[in-house]
Amino acid sequence: MPEMRFTIRWPDGTAESCYSPSLVIRDYFAPGTSYPLADFLEKSREALTIASQRVEARYGFPCSRALGQLARIEAGARTFSAFPNPRVTVEAFDA
């Protein structure tokens, strides 16, 4: 399966490289676009769940790396939930 990395920038300016085992992430995010935190979380959950399900359909088991990435995104989002109007920017899709 074609995997990819994508770079996000959290509301405090910290950049993070993220992983997806599928290119489905491109259907949910656009490079250079800033998303409200709740929207970013919803899209991340959906995209990474689909990516994990694609791995499961092909190999017979869900993708632990995709689910781990989702857990890291959710943990990071909790850090910023008290920020006023928090936004996450998807900076780039990395090859």
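Here's what I pulled together on the structure shown here. Predicted model only: the values in this text are computed from it and were never measured.

**Quick word on helix α1 (residues 37-59)**
Phase 1: The end-to-end C-alpha distance of α1, which contains 23 residues, comes to 32 Å, matching closely the 33 Å that a straight helix rising 1.5 Å per residue would cover.
Phase 2: Packing partners of the buried residues in α1 comprise β1 (4-9), β2 (15-20), β3 (33-36), α2 (64-80) and β4 (87-94).
Phase 3: Note on α1: the residue one or two positions beyond its end, Gly 60, has a positive phi of about 90°.

**Observations regarding the packing of aromatic side chains**
Phase 1: Inspection of the entire model under this criterion finds seven aromatic pairs.
Phase 2: Between Trp 10 and Phe 80, the ring centres sit 5.5 Å apart and the planes meet at 25°, which makes this aromatic pair stacked. Of this pair, Trp 10 sits in the loop between β1 and β2 while Phe 80 sits in helix α2; the two residues are 70 residues apart in sequence, bridging distant segments of the chain. The same class applies to Trp 10 and to Phe 80, which are both buried.
Phase 3: Geometry around Tyr 19 places Arg 65 over its ring, the cationic atom sitting 3.7 Å from the centre.

**Overview of the side chain of Ser 44**
Phase 1: Within the secondary structure, Ser 44 sits in helix α1.
Phase 2: Apart from the residues lying within four places of it in its own chain, the contact partners of Ser 44 are Phe 29, Thr 49, Leu 70 and Ile 73.

**Focus: the environment of Ser 81**
Phase 1: Inspection of the secondary structure puts Ser 81 in the loop between α2 and β4.
Phase 2: Under the relative-accessibility criterion, Ser 81 is labelled exposed at 51%.
Phase 3: Along the chain, Ser 81 and Leu 37 lie 44 residues apart, while their C-alpha atoms are 7.6 Å from each other.
Phase 4: Within polar-contact distance, the side chain of Ser 81 engages the backbone oxygen of Arg 78 at 3.1 Å.

Rules behind the numbers
Residues numbered from 1 in each chain as written. Predicted model: local features only at pLDDT ≥ 70, side-chain atom pairs only at ≥ 80, totals over all residues. Heavy atoms only, no water. Helix = DSSP H or I, 4+ residues; strand = E, 2+ residues; numbered from the N terminus. Expected span 1.5 Å × (residues − 1). Contact = heavy atoms within 4.5 Å. Phe/Tyr/Trp six-rings, centres within 6.5 Å; stacked < 30°, edge-to-face > 60°. Buried < 20%, exposed > 50% of the residue type's maximum accessible area, 1.4 Å probe, protein only. Lys NZ or Arg CZ within 6 Å of the ring centre and 35° of its normal. Polar contact = N/O pair within 3.5 Å; in protein donor to acceptor, adjacent residues only side chain to side chain.

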